[in-house]
Every structure is written in structure tokens, then in C-alpha cells.
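# Per-entry structural report
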Amino acid sequence: MLSVSAVHAAPHPDRLFPADPGARAVAQRLHRAVRNERIVSPHGHVDARLLADDEPFSDPAGLLITPDHYVTRLLHANRIPLDRLGVGRGELSEPQARAVWRSVCANWEVFRGTPVRYWFDVELAEIFGITERPSAHNADALYDRIADRLRQPDYRPRRLYERFGIDVLATTDDPCDDLSAHARLAADPAWTGRVVPTFRPDRYLEPASPGWDRSVDRLAAVSDVDTGDYDGYIEALEKRRGYFTAHGATATDHSHEDVNTHPLGAAEARRIYRAARAGSVTAAEAVAFRRHMLFEMARMSTEDGLVMMLHPAVRRNHHGPTAATFGPDTGHDLPLRVEFTDGLRPLLENFGTHPNLNLVLFTLDETTYSRDIAPLAGFYPTVFAGAPWWFLDAPDAIHRFHGAVTETAGYRKLAGFVDDTRAFCSIPARHDMARRLDAAALAHLVAEHRLGEDEAVVIAGELVREQPRRVFKL
Amino acid sequence: MLSVSAVHAAPHPDRLFPADPGARAVAQRLHRAVRNERIVSPHGHVDARLLADDEPFSDPAGLLITPDHYVTRLLHANRIPLDRLGVGRGELSEPQARAVWRSVCANWEVFRGTPVRYWFDVELAEIFGITERPSAHNADALYDRIADRLRQPDYRPRRLYERFGIDVLATTDDPCDDLSAHARLAADPAWTGRVVPTFRPDRYLEPASPGWDRSVDRLAAVSDVDTGDYDGYIEALEKRRGYFTAHGATATDHSHEDVNTHPLGAAEARRIYRAARAGSVTAAEAVAFRRHMLFEMARMSTEDGLVMMLHPAVRRNHHGPTAATFGPDTGHDLPLRVEFTDGLRPLLENFGTHPNLNLVLFTLDETTYSRDIAPLAGFYPTVFAGAPWWFLDAPDAIHRFHGAVTETAGYRKLAGFVDDTRAFCSIPARHDMARRLDAAALAHLVAEHRLGEDEAVVIAGELVREQPRRVFKL
Amino acid sequence: MLSVSAVHAAPHPDRLFPADPGARAVAQRLHRAVRNERIVSPHGHVDARLLADDEPFSDPAGLLITPDHYVTRLLHANRIPLDRLGVGRGELSEPQARAVWRSVCANWEVFRGTPVRYWFDVELAEIFGITERPSAHNADALYDRIADRLRQPDYRPRRLYERFGIDVLATTDDPCDDLSAHARLAADPAWTGRVVPTFRPDRYLEPASPGWDRSVDRLAAVSDVDTGDYDGYIEALEKRRGYFTAHGATATDHSHEDVNTHPLGAAEARRIYRAARAGSVTAAEAVAFRRHMLFEMARMSTEDGLVMMLHPAVRRNHHGPTAATFGPDTGHDLPLRVEFTDGLRPLLENFGTHPNLNLVLFTLDETTYSRDIAPLAGFYPTVFAGAPWWFLDAPDAIHRFHGAVTETAGYRKLAGFVDDTRAFCSIPARHDMARRLDAAALAHLVAEHRLGEDEAVVIAGELVREQPRRVFKL
């Protein structure tokens, strides 16, 4: 008898489809209609330099483990310390990388039932041709096989980008970033893909956050606009948005503790800005200013057309000691409760029907799906429901999203899937998972005679083709 | 090959039943046992004059589109402006009505996966004999067929009331309404139906709301009780409740921002009332007074036996510009977070076991199903779980309600379905949807051997026959 | 034709398994692999004296009805008064007990669809060999059959403990309890089971709660430490924890209105303690002190290794008149909204990766499953997701828990099932229900090719064997 760890782990062709044979057959047909569609990735955290430089990936651990807090947090949760996983240690030596890889394989069971496991299985099989289940026993052999592949030209970032079928990939960037990697790609005749930046100004909008003053100084330097007063600050932000637009950006991205958008009068905004620059802003003023600035971002969007993504209410770096030792993005950014309806009201009363604005709402608080997001998206032409993501980009969670949002908002108000990933190789697995789950959800409706199969095919196609392009203006 | 829009759209006889063949067979049997039961509609927004006057319906758009914010909000959300849908424009000319109808048919795809689509399909098929899917191509032909029917005597309101199998229909009425339409119906020997008013005093209980002072003046006028002081105000309200009861009312209906029910001492209540009448009430006092008055409403219910419906936490007219142009009830009343357990405690400590009181709790915040409503209904004999409604009266949402409430409260503590509709023709489709979903939910329990099928049949029957009549005292 | 009440009610061997035949077959196999595993019960409310004394149970009502607020609250909710159910009346005479039993059987339908009904059916069938459905007609006959069994030696508590296959049973105890029943059992050579106490200090940590001062006096008396000042109070608590540990305790149990754990400086803690002892503590100080003490409990756990169970946010004795007449635990302790992420942050920043600490989070607010608990358990090695319980220990609720927690935290971060019951005879039925639902949830994953069946068997076993023993240190 085979032991658990040695069995074949090739992804099943019917994975994620409903168990009921009738519904499964519908899901198979729906998936078949979209599985080869090219990937639109309107939000993620891949570094544009990866594709601009097109250097070979260093090693299996550096590619698949250390940068992916989805993987490391679950191991940490099971008492494998982050330093044994190479987190925050920069480039690893070959023995270090191999040791990290071994730790992951030897604890493979902690991923059971999670999407991390699902993506990993699919990546191993479809990118690296590996269909054994990782374990302490085969860790070294798997490491060698992957490392061997990574030395081949077909495994360089650009070749993988092509092989993955990516049509457009959005990165997430600091407003002061010079976007030189994006520019290099755009200028490179050998490059046929499309990588667009996203304007992510959070730190510039929070006067109470550490380093704000320096950030605003830097904003002045890169925009060549004096940010000594509020009007200059606004102009500098507008100028950087223009710079991003000129480099292909179609969207901005915002994550603050809430989505309140109460605007301030111009005098009050100027006064608080002055106080903030003078280092004498109060906590309440800083919050009021940030809420005002979110309103201002919407105002700018009505002028320059950049789509706004909102994904509020995350407690960043929850475990101080880990942040101090290993840095940010190490798996303990944790969700908070949130509300959208009253918070967004000032923004929506002013811009909620504006023809230039698209607003995509993401959440980690599922209570907002049916109570806030779907009702808002079901009335305001500017509001779209962002895909379930981060802690919620797993099969059951995605089905809950479908069930909670589509009955009120309809399928046309979904923004389509975003992978939101730092793990380049997981992009096709994540998009295919989303397509399979869309197919499963739609098959459920078809099987219960709530939707015609002809219509379900149309919806499945729109969700991966037209809708992300239309909503994110790609 | 047929294009999407031309295919047959007749509702499937097994619609909304589980896909699993075994469970589906149970659901079929359960539904068969209740599908012809007469309709009890304890809460809705049909105008009693519709049946008192019994005039022919004007046209398809005026009947099916313009008054139904479920329909118009989804089109608005997809960038079809409300003025193109005839909202807030009063009676439409024939060309206007036809243009509205065309806009709906041409955008039929925005309703895919929503209950609006489901109800519409069933209405078209079962009331008007139309089984093609609406589209830009057949819009005019469908308009003509429906308009033709509406000119026939069988399509007058009273004939439809009979054909729909309605046993009793509750309307929602202002406390100062003279209920003359109800009285005309009651006095009409040709009328064999039953239409009862519901006492909806929200605006009279909110001293800070616009027009409160005038409302209270009007209350004095219609009740012939001086509302110059608090005691007169209370007496006037009691007298109007008596008037409603005399006209057949069995219930009151309340929707405020929260359900807090903290009572005030008599002196404090009098003081705040005086201040409110003098125009000097503070926001906090107004809130305290309204909470006190909700408590008072329960006190009155223990005396006159009127059932209390509570459906709190809605932000009315979220988009000011739309409200200003098109009026209220135009699709942007949006849900807020709510809690019942602490809020209702004063009311329940005083009246929670009173033999005369029935309290039906509705919510748009699903988090309260298992946390607040089911535990309250699972202890207090006066508390019942109201049906999922408004944004939550769709198949997946109704299944979530069943799953979250019945395990804790049992089926006997459900108040039964309410359609809550302004769309007269959607009443049978909505009730049949509820019966199908009850059957599906119960079939699921039977198929998993959690309930005997003999018991499931009893429950399905009680939910449409005994329970709404018992809970709403109809 | 048989009437509803007379039909056979023997629990079906496939109860709670999925309806889909393929998934059901997987669930059958998974359940078969664990159904005979011995029961680990790390949290409950059975009295240790029951087993120490090993007296025969008095009668069917005293055994199955009066102490179980799950049963009595649902009858009360359906207008059967608590005094007709023998609640709060101490030992019942035979006619009284029989009358109580009749009330329950005559209202059997109120339990349809609830877990109470499920457990009762299984208990009647598997412990008492009764497979008829209770009703007014057979109430006396059933009473006689059960009463007859209770007089037999095989139905004494210890024999049932053995027959139930219980490996270890944790009780819940006051810190001042002398644990004499636990000591008697430990000293009894005829006793081969294991009953361990749990340290439940709530009332000692809430300076504003009634009787706190007397409780702290009593703490001094039993610990022989002067609790006149804060340092003595801390020492006395530590000493009692040691006493519990010496009597086999492995855990503490905490239920306050929130889980905030903000620590105070030593001087401030001493000052508030002095004020509390002097009777001059403010409400805000009392809350601050309790939050500090929850932090202190964690600090002590890192030293003595006791596992912490947290189950916050319950409004105790919601209906004052019932509490006054019938006492506490009479079915109206009701859930409140709660949050863990910010509340636990001080505790977790200090002790969240400590090797000695295990923290098990329970909730009655399902919104915290995917938003708070799973993300916390998915990062912190000390945090585990406690089983869904109380209002949430029913099939649909348990499936929601699985769906909301395991994708983010993985199966290894579940603490396993707790029965949390006062109803001794329901223990095997509750654990078997949990095992069936685990099997059903895992079968669902296997059927959708999200998990290998070989892995599902391992998980099902770990959830009942290794995980509760490891997490609760049993």
C-alpha cells in the first residue's frame, strides 16, 4: 500500500466542479469555453523589473516560497519559524534555499484544504511537470528538478509570461517610482507583452503615518512641484497621476483603515496640511485629512479617468516583533471590520453617476458582500464588486461571494478576477481556479433552472474577457 | 443555431429544486403539497385603491417597470438613466411607455442571475402567456401582446387578485390615512377578497425628521385629539391604532436606524416632546425619544394586540441628487449594520413574554440571522424571524436564511413569507419562489436524514398556511 | 396510513452525509475510519460529582430535560412556560417529572430541524433503545421505559461513561472549588476514566460584577494568600491555578464581554485594585482591569502551560424576570457582536509565538470566522480555531465553520470538537454528529478533487485523536 505522501498528485481535470454529475457536465462545458482565454491581471504585486530584466529565477525557494506570505504564514502558524523559511534574508545560498525547500516539503500537510496547496499542485504539475506530492523524502529530488528547469531558457520570466497566456499585467507602484522598468519594457521591441503600473498613494495620504513628511518632500522632488503648501501637494499628486497615465496606468489603488470620504473645505484642508507639515497634526486631523484625500482621489479620477480600487480595513504588521525582524508583508496583515455604505456616501453623492469614474470595491470582511457592496453596485453605475481575494480567494469563499453578490448586483457588476499575487508562477493556477469556480457557480444556476446554459456561457466569457477590460479600462 | 435572445424562456417545472435527483424528487413532492395553497401576504406596498377602483392597468411599463425599484435600480446600475425608465414622471404616454419597455427588453442581460429576472420570467409566462426571452428585437411585439391583455376584463386588478389566489393582502399606510379605499372594499358586496391596512408610524416617531411638526399637527386633526403635549400625542397615536384596527389592521410596521428601545421616564418624554414641538430638540434627544416611542409602540401592542414588524437600519435616499430629481423609493435605500440583542432588551424585559405581543424581526444585515434573531426567537415566545426580504429575497440568500435561523429557532418560529412588493403582478411568482425554496431546503434535510419526509410535508404546509396567519393574526 | 407522530424515528446510518451518491460513499468511508475512536471532551459542564458519586439518575426529566437549556429554551419560545418544564425547581417528584416529560413529548414538533431533535433521537435510540417518535400518545410509555432503564446498574453514570467510550472529560470549575470530586475519582481504584477540572475565573476578574469583593475574599481563604492588595490577588490566582494543575487541569476558560487584552502598568493595576476593594471603582476602570487581567492570564499560561479558551461576547441573563425566577443558564444568554484581531493584539504581540501558550478561540458571532479567527490562527502558532458551539453546533452551522476557517487556517489549526454540554447522555450523539459532519465536509473536498481521499482519512483521524489532545494538552 502506498503511503500518503507518495501518491500521485496530478490535478484532476474536473477539480473544483460540482460533485453532482449533471451540474458537473455543465461546468465542464462552461470551463471549456473559457479555459484558453488570455489572462487579464488588473491587480497584483509582481515587480516589473522581473520582466524588464528577464534574468533566470535564482532557485526554487526564492521563486516559490520566500516571497509568498501565503505559504510562509501557514508554516509559521504550525511552528516552523520564519527564519527557517528564508523570510527577510535576501538572496539565499544554494544550501539555504534547499533547506527552506525541505522545510516546506516536510510539512506539506499543513496546506491540506487550502488554496495554497491547490495552486502549488497545479504549478508543480503544469509548469514543472511534477505530479508527486512533496514530502521530506522527495524534497531534494524535486528541488533538483525545478532548479534544473530554472536554468533553461524556457523558464525565464518573459518566456513564462508568454506561456501563461498573459495579455496584460498590472503592477502596484509608489507614486514616486520612476517606472523605469515599465518604460524599458515599452521601449523594448523584443517585448510583446503589456505591463502597466498602478498608482498606489496610501502613504502620501496619511499625515500621521511614519515618514509622511519625507514622502511628501520626495513627491516634490520627483514632480518638480513645491509641496510646501496644500495646493502644491495636490498639484504634485495630479502630476504624478499624469506620469503614471503616460506610462500606461489605468488605475489607482487605495487601502486605508476605513473608506470614509468626508471632504473638508479648502481652508480646513490647507490648515491641516500646514499643521501636518509642521509636525503638529492631531490623530483626528490626520484621519480627517486622509478621508478628504480619498474624496480628492475620486475627484481626480473623474478628471483623468483612472479607475479607483478600494480595499480598506487591514491591520498591517499585527505582530510587531515579526515586523521588526522580518519586515512587512510577512503574513500578519490581518482583516478588520469595515462598512462602505455611509463611508462612501460623500464620494458617491458627488461622483457616483459620473461617466469617467469606475470604483472597484474589495473587502476582507464578508459581511459587506450582501449588505454594502452588492446594494451599492446594484444602484450606482460607477461601483463594481471586486473579486474575493487575499484571505478569501479560495473555493468555498469564492462561492460565498457569488452567492452573496450576484443576486443583488447581477453578473455585469462584477469586476472579474484579480490574482493580487507576488508569486509570478501562481498566476495561471489562480486564474484557472477562478474560471473553474465561475463555471461551477454558473453550473449550479443552470442545474437549478435559474439561468439558461446559453446565457451561462456568455457570462463565463464576459467575466474573463470583456468585464475586466471594461471595468479596469484595459 | 439560435441566438441567445431568441430561445424559449418558459419557467422550468423543476426550477429552484436541488440538482441531486434524490433530493429533487423530495422537493417536487413537498412543493406539490403546497403549490396551490392560497396566498397570505402580511406585508407589502400595493395600494388599496388599485383594488377599490379596479381600473384597467394603463400599460406594460406602468404596470411592470416604473413603480418597481428592483427593476429600475439594476438598469440604472448599468448606465441606463432613470429618466429613460420613466421613473418619477407620473403617467406615461403610449410612446413613452413603449420606449421604457424597449429599454428594459434591450438590456435584459443585466438581470441574469437575479430574482428580478426570475419573477419577470414567471410573470410573463404565467400571467401573459409569453415564453420568449425579451430583447430589443421582440420588445414591441411583447409590448403589444401585454397591452392587449391589459385591455381585457380578465386583467383588471380584482380578476387578477382572484386568479392569483390571494386570501389576504396587507397594505402599508400612514397613520393619518383615512383608509377610505379599505372601507370601500369592505363595503362592496361584489368584493370577496380581503385587504387590510398596516399602521406605519415612522415619521411620527422621529422628532428630528423633516416635517415632523406638521405630521403631528395632522395627527391631531385626524384623531381629534390635541397633540400640543406628549399625553395628547400618545392618545392620538392610540386612537389612530384603534381606527386602523377597526378597519381590519392586525399589525404595525417600523423602520428606524436602529431598534434600540430604551424607555424614558414620563417627565423626560414630556420634556423632549415639548422641546421638539418648540423646534429646539437636539439630535440626541430626538434619537432618545424615538427609541422610547418604539418601546411605547410595544406597550400599546400589548394592549391592542397589533403585531409589530421591525425592519431597521436602512439609509434612505443614499444618493441625494437622485432623490431630489426622481423622489423616494428609487432604488438607493441601502442597508446598514444593525444589532437586535441589546437594542431590544428593554422592550423584551418588559413585554417579551406577554401573551398579546408578536414581534417579527426583519433584517438586511445577514450577520444578525444566527447571532441575534435566531437566538432571540429561540427563547422569547413573542419573537419571530421574519422572512429574508428586499435585497435578500433571492434563492441563495433565502437558503442562507434557512441555514442560519432554523437550526437555532426551529421552523415554528418563522413568520412565513412576505412579498413586500409594489409590483402587484409579481405576488404569485414571489410566493411560488418562496414555496419552492422552502421545499428545496426541507428536501435537503430529508435527503440527509435530518428530518422525516412526513414531517417536512407538515412544515411546508404550516409555513404557508398556519404560521403567517397565526403570527400576523390574520 | 400512519400518523406523523407514530412513525419510526431510528437514526439513519447515513444521516448527515451528503445527498450526492459519490460524495456520500466517501463520507461513509471517512466516518467508518473514526466512528469508534474514543471521545476526548476538552470542554463541558458535566458535574464531576456525577461520576464520583455514581448514583442512579433520578428520572427521565431530570436526566434529559430540566438541566438542558437547549431543550427548555425552545419549548419556552413556543409558549410552554419554564415552570411547566421543571426549570429551577430542584428535584422533581415522580408526577412532576412525568408531567414535564409529557410537555416535551406533546410538543415534539418544535424541535424539527434543530440539533436538539437530532441528539435526542440518537440518545433515545442508542442509549435507551427507543425508536418511536415521542408524542402526547406515547409519552407515558416512553417515560416508563426510560425510568426502568435508569434503575438498572448499566445506566449508572460510570457504566455509561465507559459505554460512551469517553477517554477524558473536562469539567468547568470555580477557582475556589476544592475539586474534591475530582480528587475522589483520582483516588478511586475502581475508576478507570479521566475527569479533569478547568479553571474558570471570570467572576474574579470583573471588579464591577456583583459579589466580586466577596469572591476575592474567598480566594484569599482557599489560597491562604492575603488578597488585600493586587500583588496578593495575583499570587492567590497563581496558586489556585497550581492547585488546578495538580488536580489534572490543562486549561483555563474565559468569557467576558470582549477579548481586549490591553495591559496596565503595575502601578495603575494596583491603584484600580485598591479602588475596587474599597468599592469605589468606576465602570471604565473595571473594564480596563478585566482586560489587563486577561493579559495576565496569558502571562501565567506561558509560565504554567495552561491552555486558554476564550469565548467572549455573551449577554448573560438577557431576560431579567426569568433570571430572577428561574436562575441563570435558563436559555437566554444571548450572543453579541465581537472582534478578536485588535482586541488580542497586546496579548499576541507579547505571547503570540510563545512555546508554552495555546489559545483556543470560540465565537458565537460567525462574522469572525473568516475575518478574525482563521487569519489569526493562520499566522500565530499559539492560536487555534475552537469548534463551532452553543448556538452554532448544528449541521449547517458546522459546515459554515468548515467553509470559513479551513481554507485560510488549514485543518491543522482546528482544535477539534468540544461538546460543551450539561447533558451527559448527549455526549456520544454530539461527538458522532461532529465526526459525521467532518466526514461530510471532507467528502465534499474529495468529491471536488480538492483533497485526496487518503489525506481526508488522515485529517478525519487527526481531528478526533491527535488534535484535541495536542491543542488541549490532554
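In this convention, every chain numbers its residues from 1, walking through the sequence in written order. Each chain gets a letter, beginning with A, and each ligand a number, beginning with 1, in the order they are written. Totals for whole chains, interfaces and linings use all residues, but because this is a predicted model, local features are given only for residues with pLDDT of at least 70 and pairs of side-chain atoms are given and counted only at 80 or more. As a rule here, side-chain values come from all non-hydrogen atoms in the structure, and water together with hydrogens is ignored.

A few words on the overall build of chain A. Secondary structure follows DSSP: runs of H or I at least 4 residues long count as helices, runs of E at least 2 residues long count as strands, and numbering of each begins at the N terminus. Along chain A, the regular secondary structure elements total 20 helices and nine strands. Its C-alpha radius of gyration of 23 Å places chain A within 12% of the 23 Å reference for a compact globule of 474 residues. When a residue's accessible area, from a 1.4 Å probe over protein chains only, is under 20% of the maximum for its type it is buried; when over 50% it is exposed; and in between it is partly exposed. Taking all 474 residues of chain A together, 65% fall into the buried category. Long-range pairs, those at least 24 residues apart, make up 76% of the contacts in chain A with a sequence separation of at least 6. Just to be clear, the radius of gyration here is over C-alpha atoms, and the globule rule we use is 2.2 Å times residues to the power 0.38. In what follows, a contact means two residues having at least one pair of non-hydrogen atoms within 4.5 Å.

Looking now at the relation of the copies chain C and chain A. When chain C is brought onto chain A, the operation consists of a screw motion whose angular component is 120 degrees and whose axial shift is 0.0 Å, with 0.0 Å RMSD remaining. Expressed as an axis order, the relation between the two copies is that of a three-fold axis. Little of the interface of chain C is mirrored in chain A, where only 6% of its interface residues again form contacts. All copies are superposed by least squares; the fitting set is the C-alpha atoms of residues with a pLDDT of at least 70 in both.

With that settled, consider the sheet that holds strand β1 (residues 39–41) of chain B. Residues and elements named next belong to chain B. Think of it this way: DSSP has to see at least two bridges between two strands before they count as a pair. Pairing is parallel across the open sheet formed by three strands, whose spatial order is β1-β2-β3. Each edge of the sheet is formed by a strand with only one pairing partner; in this case those strands are β1 and β3 (195–196). Bridging between strand β2 (residues 166–170) and β3 involves two bridges; their strand directions are parallel. Across the sheet, the residue bridging to A170 is V196, located in β3. Geometry is summarised by axes, namely lines fitted to C-alpha atoms with helices restricted to the contacting stretch, and by angles between N-to-C directions that run from 0 to 180 degrees. Running over the sheet, helix α8 (residues 157–164) touches β1, β2 and β3 and is turned about 120 degrees from β2.

Next up on the list: the interface of chain C and chain A. Tallying the contact residues gives 48 residues for chain C and 52 residues for chain A. Note on terms: buried area is the combined drop in 1.4 Å-probe accessible area of two parts once they are placed together, counting the loss on both. Interface area for chain C against chain A, summed over the two sides, is near 4000 Å², with a carbon-plus-sulfur share of 51%. When the area that chain C buries against chain A is broken down by residue, the three leading residues are R371, F379 and E407 of chain C, summing to 19%. Between Lys or Arg on one side and Asp or Glu on the other, a salt bridge is scored when a side-chain nitrogen of the former is within 4 Å of a carboxyl oxygen of the latter. At the junction of chain C with chain A, the criterion picks out eight salt bridges. Among the ionic pairs, R117 of chain A bridges to E455 of chain C, the shortest N-O distance being 2.7 Å. Pairs of N or O atoms are called polar contacts if they sit within 3.5 Å, as long as, within protein, a hydrogen donor faces a hydrogen acceptor (for residues adjacent in sequence, only side-chain-to-side-chain pairs). Joining chain C to chain A, the criterion identifies 28 residue pairs in polar contact (both at pLDDT 80 or more). Secondary structure elements with two or more residues in the side of chain C that touches chain A: α16 (345–351), α17 (367–377), α18 (395–409), α19 (427–447) and α20 (453–464) of chain C. Any residue that is not Ala, Val, Leu, Ile, Met, Phe, Trp, Tyr, Cys, Pro, Asp, Glu, Lys or Arg is counted as polar, Gly included; the first ten are nonpolar and the last four charged. Classifying every residue of the side of chain C that touches chain A gives 18 nonpolar, 15 polar and 15 charged.

A separate point is the domain arrangement of chain A. Residues and elements named next belong to chain A. Throughout the structure description, domain borders are defined by an automatic or database domain assignment. When cut into domains, chain A gives domain 1 (56–155) and domain 2 (165–471). Contact residues are listed per partner, giving 18 residues for domain 1 and 19 residues for domain 2. For the pair domain 1 and domain 2, the two sides together bury roughly 1800 Å², of which 69% comes from carbon and sulfur. Among the residues domain 1 hides against domain 2, the three largest losses belong to H69, Y70 and W119. Together they make up 33% of the total. Here domain 1 and domain 2 share zero salt bridges between them. Applying the counting rule to domain 1 against domain 2 returns two residue pairs in polar contact (both at pLDDT 80 or more). If you list the elements that add at least two residues to the side of domain 1 that touches domain 2, you get α3 (60–64), α4 (69–77) and α6 (115–128). At six residues, the largest contribution of residues to the side of domain 1 that touches domain 2 is made by α6. Its residues assigned to classes, the side of domain 1 that touches domain 2 shows 12 nonpolar, two polar and four charged.

Taken residue by residue, the interface counts 48 residues in chain B and 52 residues in chain C. We note a salt bridge from R450 of chain B to D396 of chain C, for which the minimum N-O separation is 3.3 Å. At the junction of chain B with chain C, the criterion picks out 28 residue pairs in polar contact (both at pLDDT 80 or more). Where the side of chain B that touches chain C is concerned, the elements lending two or more residues are α16 (345–351), α17 (367–377), α18 (395–409), α19 (427–447) and α20 (453–464) of chain B. Of the residues belonging to the side of chain B that touches chain C, the class tally is 18 nonpolar, 15 polar and 15 charged.

Here the focus is the confidence of the model for chain A. Across chain A, pLDDT averages 96, with 98% of residues at or above 70. A low-confidence stretch, residues 1–5 of chain A stays under pLDDT 50, and its non-local contacts, those more than four residues away or across chains, total nine contacts. For every residue, the pLDDT score states the predictor's confidence, bounded by 0 at the bottom and 100 at the top.

Take the sheet that holds strand β4 (residues 251–254) of chain A next. Residue and element names in this part refer to chain A. Read from one edge of the open sheet, four strands run β4-β5-β8-β9, paired in parallel fashion. Looking at the sheet topology across the chains shown, the edges are occupied by β4 and β9 (383–385). When the angles between neighbouring strand axes are averaged without regard to direction, this sheet yields 25 degrees. Direction of pairing for strand β8 (residues 359–361) relative to β9: parallel, over a ladder of three bridges. Bridge assignment links V360 to a residue of β9, and that residue is F384. Set on the sheet, helix α13 (residues 283–304) makes contact with β4 and β5 (307–310); between it and β5 the angle comes to about 155 degrees.

Before going further, it helps to spend a moment on the packing of helix α1 (residues 21–34) of chain C against α19 of chain C. For any two helices packed against each other, one specifies the crossing angle of their axes together with the interaxial distance. All names here are of chain C. Two numbers describe how α1 lies on α19: the axes approach to 8 Å, and their chain directions differ by 135 degrees. Here α1 is positioned oblique relative to α19, judged by the angle of their axes. In this structure, α1 crosses over α19, and the sense of that crossing is right-handed. Residues A23, V26, A27, L30, H31 and V34 of α1 form the contact with α19, whose own contacting residues are D432, R435, R436, A439, A440, L442, A443, V446 and A447. Of the residues belonging to the contact of α1 with α19, the class tally is 11 nonpolar, one polar and three charged. Angles are sorted into four bins: roughly parallel if under 35 degrees, roughly antiparallel if over 145, roughly perpendicular if 65 to 115, and oblique for all others. For any helix crossing, the convention is left-handed if the near helix is rotated counterclockwise from the far helix by under a right angle, and right-handed if that rotation is clockwise.

Glancing now at the relation of the copies chain B and chain C. Superposing chain B onto chain C takes a rotation of 120 degrees plus a shift of 0.0 Å along the axis, which leaves an RMSD of 0.0 Å. Different-surface contact between copies: only 6% of interface residues of chain B are shared with the interface of chain C.

All names here are of chain B. In this scheme, a helix's expected span is set at 1.5 Å multiplied by one less than its residue total. Look at α19: 30 Å from first C-alpha to last across 21 residues, which is about the 30 Å you get at 1.5 Å a residue. Of all 21 residues in α19, 19 are buried; the element is thus mostly enclosed. One or two positions beyond α19, positive phi appears at H449, with a value near 60 degrees.

Attention now goes to the side chain of T322 of chain C. Here T322 of chain C lies in helix α15 (residues 320–326). A relative accessible area of 6% means that T322 of chain C is categorised as buried. Among residues more than four places away in sequence, those in contact with T322 of chain C are F379 of chain B together with L82, G327, T330 and H332 of chain C.

Moving on to the packing of helix α6 (residues 115–128) of chain C against helix α7 (residues 139–150) of chain C. All names here are of chain C. Between α6 and α7, the least distance of the axes is 11 Å, while the angle of their chain directions is 50 degrees. Compared by their axis directions, α6 and α7 come out oblique. Classified by chirality, the crossing of α7 by α6 is left-handed. Residues L124, I127 and F128 of α6 form the contact with α7, whose participating residues are I146, R149 and L150. Class assignment of the residues belonging to the contact of α6 with α7 gives a composition of five nonpolar, no polar and one charged.

Moving on: unusual backbone geometry. All names here are of chain A. Of note in this structure, L179 is not a glycine but carries a positive phi near 55 degrees. Here N317, not a glycine, exhibits a phi torsion of approximately 50 degrees, which is positive. Positionally, N317 belongs in the loop between β6 (314–315) and α14 (320–326).

Turning our attention to the packing of aromatic side chains. Describing an aromatic ring pair means giving the distance of the ring centres and the angle of the ring planes. All names here are of chain C. Centre distance within 6.5 Å is the pairing criterion for rings of Phe, Tyr and Trp, where only the six-membered ring of Trp is used; planes under 30 degrees apart are then read as stacked, over 60 as edge-to-face, and the remainder as tilted. Scanning the model with the defined rule gives 68 aromatic pairs over all chains in all. Taking the centre distance of 6.3 Å and the plane angle of 35 degrees together, the rings of F57 and F424 count as tilted. Of the two residues, F57 sits in the loop between α2 (48–53) and α3 (60–64) while F424 sits in the loop between α18 and α19, which places them 367 residues apart along the sequence. By relative accessible area, F57 is classed as buried at 12%. Considering the side-chain rings of F295 and F351, the 5.1 Å spacing of their centres and the 50 degrees angle between planes classify their relative orientation as tilted. One end of the pair, F295, is in helix α14 (residues 283–304); the other, F351, is in helix α16, with 56 residues separating them in the sequence. Note on accessibility: F295 and F351 belong to one class, buried.

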